[in-house]
Amino acid sequence: MKTPVKMAIVGAGLWGKAHASIYREHPNAEPVAICDLDKSKAETFAREFGLPAVYTDYNEMFASCDCDAVAIVTPDFLHADIAIAAANSKKHMIIEKPLATTRPDVSRMLDAIEGNGVRAMVDLHNRWNPPFNAVKQLVSSGKYGVPTNAHFRMNDNLWVATDMLSWVAKSSILWFLGSHSLDTMNWLIGDYPVEVYAVKTEGKLKSLGIDTVDTYMTTIKYANGAVAQMENSWVTPNGNPNVNDFKFYMLCTDGKFDVDCSSFNLCQVTDGERMVSHDILVKNYVFDKCRGFAYESIRSFVDKLVAGEEFHVTLREAANVSLAILAILESAETGKITPVERV
């Protein structure tokens, strides 16, 4: 593919700015346009990153902007129509996780993306997380046998639901964090879920006027016989020193792995009120440049697009994550073991 890749961005929020920063830094990319329903916000964004074009309508942007690809950085339930319009306009795309939040949207997006012959990657960036990537390499070596069971605990502090995100009531912690958890386990175990059983707790967020579930606990059965458990919530107390309560365990036939990304203790900052584990692993800046594994996935999208190589997260892998989460949501509502669809 010719370089630089001209990148448009839909969504002028915090993570849209991360995309713009990375495209501005990348030797083979160039951010050229921003689209947001809030024109003033989009114009401020454009001035900050030196973008020549501002839009409030993504269809207009795809029709008139000279872009090669688009970053879809909107709330999760808004991905589908934008992605389909991009595909119909022959634009490649990186979509923030998850791919989609309904079965019809998953199907429509696959049809449009694959039917138009464009390339798409969903930003399930935990595959770039150094300890998890190391576990993947070790499991792939065969030295430790095959995975038999795992537990993934990935929770957020309460302020994420109350202050950070304005659209929490329209989503779920399963879309926000569960998609990362499930994709990582699928990748490490090397298979897909065939059935799930989930339970939920609620009340904390609803008492604060936010109509969404607090916590999901899920048991997952894989086709290869492995069994995993997954815990996702966004009601961890704000006094927690790290915004993520983030731990993983996996047992193999000849070994086991333990990962703690909550208490890495690389940098702790303490004042008169509390101690905080400063984030230098997920998303950090070094000499005003984006550094951290959550940024590496975005760089990888550009690298693989230019090279014409397969993305580290395939479109159908991401689709199957969405379908499995939909089964988890159904199980939590019905109280029954639920089979998982797969594309």
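Look up: the structure comes first, before these words.
Residues numbered from 1 in each chain as written. Predicted model: local features only at pLDDT ≥ 70, side-chain atom pairs only at ≥ 80, totals over all residues. Heavy atoms only, no water.

**So, the side chain of Asp-214**
To keep it simple, the criterion reads: Helix and strand assignments come from DSSP, with helices taken as H or I runs of at least 4 residues and strands as E runs of at least 2, each series counted from the N terminus. Think of it in three bands: with a 1.4 Å probe and only protein chains considered, a residue is buried below 20% of the maximum accessible area for its type, exposed above 50%, and partly exposed in between. Positive residues here are Lys and Arg, negative ones are Asp and Glu, while His and the chain termini are left out of the count. In what follows, salt bridge is the name for a side-chain nitrogen of Lys or Arg lying within 4 Å of a carboxyl oxygen of Asp or Glu. Definition of a polar contact: a pair of N or O atoms within 3.5 Å, with one able to donate and the other able to accept a hydrogen when the atoms are protein atoms, and with sequence-neighbouring residues admitted only if both atoms are side-chain atoms. In this description, contact between two residues means that some pair of their heavy atoms is separated by no more than 4.5 Å.
Looking at the element boundaries, Asp-214 is found in the loop between helix H9 (204–207) and strand S9 (215–222). No salt bridge is formed by the buried Asp-214; its nearest oppositely charged neighbour, Lys-206, is found at 8.1 Å. Looking at Asp-214, its side chain comes within polar contact range of the main-chain nitrogen of Leu-205, at 3.1 Å. Among all residues touching Asp-214, those that are not within four sequence positions of it are Ile-173, Thr-201, Glu-202, Gly-203, Lys-204, Leu-205, Asn-232, Ser-233, Trp-234 and Val-235.

**Quick word on the side chain of Asn-244**
Locating Asn-244 in the fold gives a position in strand S11 (residues 244–252). Look at Asn-244 and you get buried, because its relative accessible area is 16%. If near-sequence neighbours (up to four positions away) are discounted, Asn-244 is found in contact with Asn-155, Asp-156 and Ser-262.

**Looking at the pattern of salt bridges**
A full pass over the atoms with the stated rule returns 22 salt bridges. The closest approach of N and O atoms between Arg-103 and Glu-341, which form a salt bridge, is 2.6 Å. Taken together, the positions of Arg-103 in helix H5 (residues 103–115) and Glu-341 in the segment after strand S17 (338–339) put the pair 238 residues apart, joining distant regions of the chain. With relative accessibility at 31%, the residue Arg-103 sits in the partly exposed group. When the shortest N-O distance is used, the salt bridge between Asp-245 and Lys-247 registers 3.3 Å. According to the relative accessible area criterion, Lys-247 is partly exposed, its value standing at 27%.

**Some remarks on the sheet that holds strand S5 (residues 92–96)**
How we decide: One bridge is not enough; two strands pair if DSSP finds at least two bridges between them. Angular values range over 0 to 180 degrees, each being the angle between N-to-C directions of two axes fitted as lines to C-alpha atoms, with helices fitted over their stretch in contact.
Ordered in space as S3-S2-S1-S4-S5-S6, the 6 strands form an open sheet in which the pairing is parallel. A strand with exactly one partner marks an edge of an open sheet, and here the two such strands are strand S3 (53–55) and strand S6 (120–123). Recorded for the sheet is a direction-independent mean angle of 25 degrees between the axes of neighbouring strands. Bridging between S5 and S6 involves 4 bridges; their strand directions are parallel.

**A closer look at the packing of helix H6 (residues 130–140) against helix H8 (residues 173–189)**
We apply this condition: Roughly parallel means an angle under 35 degrees; roughly antiparallel means over 145; roughly perpendicular covers 65 to 115; every other angle is labelled oblique.
Across the interface, H6 lies against H8 with an axial gap of 9 Å and an inter-helix angle of 20 degrees. When the axes of H6 and H8 are compared, the pair comes out roughly parallel. Contacts between H6 and H8 involve Phe-132, Asn-133, Val-135, Lys-136 and Val-139 from the former and Thr-184, Trp-187 and Leu-188 from the latter.

**Digging into the packing of H8 against helix H11 (residues 315–334)**
Applicable threshold: Crossings are assigned a handedness: left-handed for a near helix turned anticlockwise from the far helix by less than a right angle, right-handed for a clockwise turn. Note on residue classes: Ala, Val, Leu, Ile, Met, Phe, Trp, Tyr, Cys and Pro are nonpolar, Asp, Glu, Lys and Arg are charged, and everything else, Gly too, is polar.
Between H8 and H11, the least distance of the axes is 10 Å, while the angle of their chain directions is 120 degrees. In terms of orientation, H8 and H11 fall into the oblique class. Crossing geometry of H8 relative to H11 is assigned as right-handed. Between H8 and H11, the contacting residues are Leu-174, Trp-175, Gly-178, Ser-179, Leu-182, Asp-183 and Asn-186 on the first element and Val-321, Ser-322, Ala-324, Ile-325, Leu-326, Ile-328 and Leu-329 on the second. Looking at side-chain class alone, the contact of H8 with H11 contains 9 nonpolar, 4 polar and 1 charged residues.

From the geometry alone we can't say anything about function, so treat these as descriptive.
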